[in-house]
Amino acid sequence: MKCQKHLFNLDDNVHYLNCAYKAPLLKSSETAAINALIKDRNPFKLTPDDFFNDVHNVKSLFGNLINCHKDNIALIPSSSYGFSTALNNIKAKVGGNAITIKDEFPGSYFSLKKWCENNHNELRIISPSINSYKLGANWNTEILKNINENTSIVLISSIHWMNGTKFNLTEIGEKCKKYGAIFIVDGTQSVGAMKMDVKKYNIDALICASYKWLFGPYSMGLAYFSDKFQNGSPIEESWMNRSNAKDFSSLTNYDSNYQKKSNRYDVGEKSNFLLIPILLNGIKQVNSWTVNEIQNYCKGLAKPIIEELSKFNVKFEDEEYLSPHLFTLNLPGNIDSKSLKKELEKQNIYISLRGDFLRLSFNVFNNENDVNKLISVIKKQLQINNN
Ligand SMILES: Cc1ncc(COP(=O)(O)O)c(C=O)c1O
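Residues numbered from 1 in each chain as written. Predicted model: local features only at pLDDT ≥ 70, side-chain atom pairs only at ≥ 80, totals over all residues. Heavy atoms only, no water.

(A) Representation of the overall build of the chain in the model. Along its length, the chain carries ten helices and twelve strands. In terms of its C-alpha atoms, the chain occupies a principal-axis envelope of roughly 80 × 55 × 30 Å. A burial count over the chain gives 55% of its 387 residues as buried. Across the chain, the fraction of contacts at a sequence separation of at least 24, relative to all contacts at a separation of at least 6, is 73%. In the structure as shown, the chain presents an accessible area of about 17,400 Å², 48% of it carried by carbon and sulfur atoms. On the chain, the mean spot of the 46 positive side-chain charges and the mean spot of the 39 negative ones are 1 Å from each other. (Helix = DSSP H or I, 4+ residues; strand = E, 2+ residues; numbered from the N terminus. Buried < 20%, exposed > 50% of the residue type's maximum accessible area, 1.4 Å probe, protein only. Contact = heavy atoms within 4.5 Å. Areas by Shrake-Rupley, 256 points an atom, 1.4 Å probe, with all protein chains shown as cover. Lys, Arg positive; Asp, Glu negative; His and termini not counted. Charge placed at Lys NZ, Arg CZ, Asp CG, Glu CD.)

So, in structure tokens, the structure goes:
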């Protein structure tokens, strides 16, 4: 794949290495959104089908990315909504526990903490047992060690949102299945840029905000709920999720049946006429690039950074546990990450600081030029600090 920057309106002199913060808008999504606004001038053109069709199209395309049927997918306004939907429908094991990882994203951490308090289960936060920049192997072992017959839930991100550590979803999913634990994954920082397969990994619920790797709008996300959730109770009772919702003239023939499977969990006003076109266009584009190509492209960008900066004592995670689209620079001890970030910004290089981690994240709008500029500014700072 070649660089796709021409499909975006990113400033030419800006090096945006921060898709994990928010993806830039595709030009085609900008057009889709403007057309959607203009369409809103004339609501008489809106048919009942318009309330449902594009939502189904979004779900089908998302299903392709994660290997499931569209009826197992719900449209959510935020990841926290997705976590609450799943957790509200999970029965606790008596005297059991729920597992998450150290420094998990606050939305999922607090959702799980509350569930534990309400269900008299212990919240277990798994940390690596070593102090190293190569955390992946040890951390995965620690997670696996802790899953047993008392585990009610395992809730983790597919990769750590702060430093990109990859979690072994195959092994964790197998262990959850063996012990009857519900496996919930936050895919926000990987789905769209890294392979996801809810069946292969035995995932029961996969929750994704869309405004990063899916090129969606802020305030819309997608969630997969396995068939274990198909008779569950949604957070709210949207009229649109009833079986008879398409028949606008007889909505008060109240229908107590929900639409099939996870469609019952769709957020109210899911047909958001201004945001759905952006989401649909973003996921279409990801499908057409293909996740495999996106990941390979990011690998190509990550390689020279790792090779060049390793020579200057910057440390990286082992390849097996490093996500090429999102990873961190473990800087020599004499380098202050806050001042390095400021220096990078002076040079129009945008990255994030999460905890002590300088987080780099790439996508297909980045190119060799961004990478070379990053390497040269960091090298210069490292040399200044060594003198
Ligand atoms: C791992 C992870 N989950 C979720 C989110 C977004 O959460 P929400 O959709 O609830 O705002 C982020 C945003 O940075 C994230 O990094």
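(B) View of the nonpolar core. F62, I66, I172, L206, I305 and L329 are the most contacted members of the largest nonpolar core, which has 88 residues in total. In terms of residues, this core owes the most to one element, helix α8 (residues 291-310), which gives eight residues. Discounting chain neighbours no more than four positions away, the residues touching I305 are S310, F316, F327, L329, L360, F362, V371, L374 and I375. If you look at the next biggest cluster of nonpolar residues, it comprises 22 residues, including I76, L112, W115 and Y265. (Core = buried A, V, L, I, M, F, W, Y, C linked by side-chain atoms within 4.5 Å.)

(C) Structural detail: a nonpolar patch on the surface. Together, I34, L37, I38 and L274 line one region of the surface with nonpolar side chains, adding up to about 330 Å² of accessible area. Tracing the backbone through its elements, the reader meets L37 in helix α1 (residues 27-39). (Patch = residues over 30% accessible without salt bridge, like charges linked within 9 Å, V, L, I, M, F, W, Y side chains within 5 Å. Salt bridge = Lys/Arg side-chain N within 4 Å of Asp/Glu carboxyl O.)

(D) The sheet that holds strand β12 (residues 357-361), seen in detail. Taken together, the three strands give an open sheet; going across it, the order is β9-β12-β11, and neighbouring strands pair in antiparallel fashion. Only two strands of the sheet have a single neighbouring strand rather than two, namely β9 (326-329) and β11 (352-354). For this sheet, the mean angle separating the axes of adjacent strands, direction not counted, is 40°. Relative to β12, β11 runs antiparallel, the two sharing three bridges. Paired with L353 across the strands is L358, a residue of β12. Relative to the sheet, helix α9 (residues 337-346) contacts β11 and β12, its axis offset from that of β11 by approximately 165°. (Pairing = 2+ DSSP bridges. Axes fitted to C-alpha atoms, helices over the stretch in contact; angles between N-to-C directions.)

(E) Region of interest: the layout of surface pockets. What the largest pocket holds in volume is close to 810 Å³. Taken together, 34 residues make up the lining of the largest pocket; nearest its centre are K166, M194, Q295, E320 and L322. Within the residue set of the lining of the largest pocket, elements represented by two or more residues are α6 (169-179) and α8. Considering every element that reaches the lining of the largest pocket, the biggest residue donor is α8, with seven residues. For the lining of the largest pocket, the class distribution of residues is 16 nonpolar, seven polar and eleven charged. When residues of the lining of the largest pocket are assigned to domains, at least three fall in each of domain 1 (5-17 + 290-386) and domain 2 (33-288). Volume-wise, the second largest pocket comes out at about 400 Å³. Looking at the second largest pocket, it is lined by 26 residues, and the ones nearest its centre are S132, Y133, L135, N163 and F357. Along the lines of polarity and charge, the residues of the lining of the second largest pocket split into twelve nonpolar, ten polar and four charged. Lining the lining of the second largest pocket are residues from two domains, each supplying at least three of them: domain 1 (5-17 + 290-386) and domain 2 (33-288). (1 Å grid on protein atoms, 1.4 Å probe; cavity = no way out; pocket = protein on both sides within 12 Å on 5 of 7 lines; lining within 4 Å. Points joined across faces, edges and corners; volume = space filled by probe spheres on them. Nonpolar A, V, L, I, M, F, W, Y, C, P; charged D, E, K, R; others polar. Domains from an automatic or database assignment.)

(F) Seen up close, the side chain of N138. Looking at where N138 falls in the secondary structure, it is placed in helix α5 (residues 136-146). Looking at N138, the relative accessible area reads 16%, which means it is buried. Among the polar contacts made by the side chain of N138, one reaches the main-chain amide nitrogen of S129 at a distance of 2.7 Å. In this view, N138 contacts P128, S129 and I130; residues no more than four positions away in its chain are not counted. (Polar contact = N/O pair within 3.5 Å; in protein donor to acceptor, adjacent residues only side chain to side chain.)

(G) Main features of the site of the ligand. Every residue lining the ligand is accounted for by S78, S79, S80, F105, S157, W161, D186, T188, Q189, A209, Y211 and K212. S79 places a polar side-chain atom, nitrogen or oxygen, 2.8 Å from an oxygen atom of the ligand. Between the ligand and S80 there is a distance of 3.4 Å, counted from an oxygen atom to a backbone nitrogen or oxygen. Across the complex, the protein chains shield 87% of the 410 Å² of accessible surface that the ligand would expose by itself. For the shell around the ligand, a count of residues per class yields four nonpolar, six polar and two charged. (Near = heavy atom within 4 Å.)

(H) Summary view of the pairing of strand β6 (residues 182-186). Burial of β6 is extensive: five of the five residues sit out of reach of the surface. Side-chain alternation along β6 places I182, I184 and D186 on one buried face and F183 and V185 on a second face that is also buried. Handedness of the crossover is the feature at issue here: the chain leaves strand β5 (residues 151-157), passes through α6, returns alongside β6, and the resulting connection is right-handed. Inspection of the sheet shows β6 paired to strand β7 (residues 205-209) by three bridges, in the parallel sense. Bridging from a neighbouring strand, I184 pairs with A205 of β7. (Right-handed = clockwise from strand over helix to strand, strands pointing away.)

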